[in-house]
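# Summary of the model geometry
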Amino acid sequence: LELSWDRLVAMRKKVFGIGTVQVMATGLILGALVFLLGQDITHAVIIGAGLALSSTALVLQVLYERKELA
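All figures in this text were calculated on a predicted structure; none of them were measured in a lab.

## Concerning the overall build of the protein
Assigned secondary structure in the protein consists of 3 helices and 0 strands. For the protein, the α and β elements follow one another from N to C terminus as α-α-α. The C-alpha atoms of the protein give 14 Å as radius of gyration, which overshoots the globular expectation for 70 residues (11 Å, by more than 25%). In terms of overall dimensions, the protein has C-alpha extents of about 45 × 25 × 15 Å along its principal axes.

## Topic: the confidence of the model for the protein
Predicted confidence across the protein gives a mean pLDDT of 86, with 94% of residues reaching 70 or more. When mean pLDDT is compared element by element in the protein, helix 2 (residues 12-36) scores highest at 89, while helix 1 (residues 5-10) scores lowest at 82.

## Some remarks on helix 3 (residues 41-65)
The end-to-end C-alpha distance of helix 3, which contains 25 residues, comes to 36 Å, matching closely the 36 Å that a straight helix rising 1.5 Å per residue would cover. Of all the residues in helix 3, the buried ones are Ala44, Gly48 and Ala52. On its buried side, helix 3 packs onto helix 2. Two or three places before Thr42, at the opening of helix 3, Asp40 has a side-chain oxygen 3.0 Å from that residue's backbone nitrogen.

## Points about the packing of helix 2 against helix 3
The axes of two packed helices give the description: the angle between them and the distance between them. At their nearest, the axes of helix 2 and helix 3 sit 7 Å apart, and the two run at 135° to each other. In terms of their interaxial angle, helix 2 and helix 3 are classed as oblique. Regarding helix 2 and helix 3, the two cross each other, and that crossing is right-handed. The segment helix 2 lies against helix 3, with Gln22, Val23, Thr26, Gly27, Leu30, Gly31, Val34 and Phe35 engaging Ile41, Ala44, Ile47, Gly48, Ala49, Leu51, Ala52, Leu53, Ser55 and Thr56. Taken together, the residues that form the contact of helix 2 with helix 3 break down as 11 nonpolar, 7 polar and no charged.

Parameters and conventions
Residues numbered from 1 in each chain as written. Predicted model: local features only at pLDDT ≥ 70, side-chain atom pairs only at ≥ 80, totals over all residues. Heavy atoms only, no water. Helix = DSSP H or I, 4+ residues; strand = E, 2+ residues; numbered from the N terminus. Rg over C-alpha atoms; globule rule 2.2 N^0.38 Å. pLDDT = per-residue confidence, 0-100. Expected span 1.5 Å × (residues − 1). Buried < 20%, exposed > 50% of the residue type's maximum accessible area, 1.4 Å probe, protein only. Contact = heavy atoms within 4.5 Å. Polar contact = N/O pair within 3.5 Å; in protein donor to acceptor, adjacent residues only side chain to side chain. Axes fitted to C-alpha atoms, helices over the stretch in contact; angles between N-to-C directions. Parallel < 35°, antiparallel > 145°, perpendicular 65-115°, else oblique. Left-handed = near helix turned anticlockwise from the far one by under 90°. Nonpolar A, V, L, I, M, F, W, Y, C, P; charged D, E, K, R; others polar.

As structure tokens, this is what we get:
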């Protein structure tokens with residue numbers, strides 16, 4: 001997955017604004033589910049954050065392959 005520097009600068013509000021909110025919300029939801037499944041809070045936070053970040057990378061790759069990043 002590659003984003004050029006110019007493209008990243010042009011999309012900075014979306015990437016650092018909306019993207020941050022999306023990752024935090026996804027991490028919170030996934031972490032809460034993991035916590036409800038019996039893990040302690042530390043493990044739930046780590047698992048939720050890791051899954052949120054990996055899902056973001058996966059979605060970006062799929063959008064890139066479909067040429068839908070614009």
